[in-house]
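Spelled out, the chains give:
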Amino acid sequence: MRLSVRLTLAASACLLCTGAVSARQAENPLGPPAVEDAPIAYLYDVTSGQVLFAREADRRFMPASITKVMTTFLAFEWMEEGRIVPQQSFAPPQELWRKWRGVGSTMFLAYDETVTVDELVHGVTTVSANDGAALLAHGAAGSVEAWVDAMNAKATEIGMRDSHFGTPNGWMDEGRTFVTARDLSTLASVMVRRHPVKYRHFVGKPSFTYGGITQPNHDPISGSLSGADGIKTGFTNQAGFGFLGSAERNGRRLVMVVAGSPGARARDRASRQLIEWGFAAFEQTQLFAPETAVGEVRVQGGSSGSVNAVAPQGVYVDLPEGTPAAYELSLEYEGPLRAPIAKGELIAHLRVSVEGMDDYRVPLVAAEDVDTANVLERAINGLRSWIT
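These remarks concern the structure in this document. Here the residue numbers are simple positions, counted from 1 along each chain's written sequence. Local features are withheld for residues below a pLDDT of 70 in this predicted model, meaning they are given only at 70 or higher, and side-chain atom pairs are given and counted only at 80 or more; totals for whole chains, interfaces and linings count all residues. With hydrogens and water set aside, each side-chain value is computed from the structure's full complement of heavy atoms.

**Concerning the overall build of the chain**
Argument step 1. Counting from the N terminus, the helices are the DSSP runs of H or I reaching at least four residues and the strands are the DSSP runs of E reaching at least two. A count of helical and extended segments in the chain gives ten helices and 18 strands.
Argument step 2. Throughout, exposure labels follow a simple rule: accessible area from a 1.4 Å probe, protein chains only, divided by the maximum for the residue type, with under 20% read as buried, over 50% as exposed, and the rest as partly exposed. Taking all 388 residues of the chain together, the buried fraction comes to 53%.
Argument step 3. Two residues form a contact once any of their heavy atoms are found within 4.5 Å. Long-range pairs, those at least 24 residues apart, make up 67% of the contacts in the chain with a sequence separation of at least 6.
Argument step 4. Where accessible areas are quoted, they stem from the Shrake-Rupley method and a 1.4 Å probe; at the residue level, only the protein chains shown are allowed to cover. About 17,800 Å² of surface is accessible on the chain, with carbon and sulfur atoms providing 50% of the total.

If you want it as structure tokens, here you go:
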């Protein structure tokens, strides 16, 4: 019978973090100083897996051009799979070119010219090109509709539980496209972790030139805040102003979402305040290095009676700067597991409980292979379990 097993690894420990802290932070260490300009706001630490701030995290909203982050991610995935390559070229069909010529943000595609995938993705990420996103979708998948289907399949695959896409560029579609802040954070986190090289190549550039026309990136944090490198703004009259952003400092990466702001300045102000607060208000500690054994998981019918569980990216905890905070670690899995088990297979989670914050779970994988036990090994395991 498979049982839920919960093993306490460390007793609740009170850690005093050092460093200067403002009076307002001391009074309310878990709330940012001001994000009144963002009805929807979310801050997530990709390195630790912690949610640092959430307001209306699961409220659906229209993402506008932030939709293009999913198009970018899908392009990265297809490049990795070899389905498209950066040097590949597409030419816009006349109908698609006419539909998106001069509509919103554009990279001014010409009807009679071919464009590389590299140029199209840069146009999407840097100048929010609606025509570029549509041509990338059509050229890569054979039709815009097929690309949108692939966007939704990929969203489901990575755990975006409450989002749906109706276009590759976020143009108004009578509400068929919607997301949540939590889902956008998931998208950004997976994109950065799976495709760090492509992310650095395509995202966060200050400007983009195509067809002799140079246009600036309107990202409110890249180039102005330390470590900021993207990701995408969005605006329509229906959706208001929003932003999905990220920054990395000293190996620690934060992802933030603001949405529903009444103006670009309000959105930009809220974005900067939220991410700066996230870096200043918490001190991060490494609890387990990458690939270090976090605990043992029992195995039934295997060449070994247990297997070490490790966190591939390590285990980190963010504690409020300048205030005492207790945390507790618990290993969770359903077991004993049945052999065989492959190295790298997901076998457990480490639950981290921080006083005053939501719990979070870190995936743990098998540190080594465990084969099915032979006759002698089964006898030894049986004797060992009888003795213990």
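Having put the structure on the table, let's press on.
**Quick look at the pairing of strand β8 (residues 228–236)**
Each regular strand carries side chains that alternate between the two faces of the sheet.
Argument step 1. In terms of burial, β8 is a largely internal element, eight of the nine residues being buried.
Argument step 2. At least two bridges found by DSSP between two strands is the condition for calling them paired. Examined bridge by bridge, β8 and strand β9 (residues 240–249) share eight bridges and lie antiparallel to one another. The partner of F235 across the bridge, within β9, is F241.

**Structural notes on the packing of aromatic side chains**
Argument step 1. Aromatic rings from Phe, Tyr and Trp, with only the six-membered ring used for Trp, were paired whenever their centres fell within 6.5 Å, and each pair was classed as stacked if the ring planes differed by under 30 degrees, edge-to-face if by over 60, and tilted otherwise. One pass over the full model with this rule turns up seven aromatic pairs.
Argument step 2. Look at W78 and W147: their rings are 5.1 Å apart centre to centre, the planes differ by 70°, and that puts the pair in the edge-to-face class. Residue W78 is found in helix α2 (residues 68–81), and its partner W147 is found in helix α6 (residues 144–158); the two are separated by 69 residues along the sequence. Pair check on accessibility: W78 and W147 agree, each one buried.
Argument step 3. Plain terms: the ring middles of W277 and F282 are 5.3 Å apart, the flat faces sit at 85° to each other, and that makes the pair edge-to-face.

**A short note on unusual backbone geometry**
Argument step 1. The omega torsion of the bond from G335 to P336 falls at 5°, within 30 degrees of zero and hence cis.
Argument step 2. Take P336: it is sitting in the loop between β15 (324–335) and β16 (337–338).
Argument step 3. Of note, E56 is a non-glycine position whose phi angle comes to about 55°, a positive value.
Argument step 4. For E56, the location among the structural elements is in the loop between β3 (51–55) and α2.
Argument step 5. In the Ramachandran plot, F108 falls in the positive-phi region, its phi being about 60° despite a non-glycine side chain.
Argument step 6. Mapped onto the secondary structure, F108 falls in the loop between α3 (94–100) and β5 (115–116).

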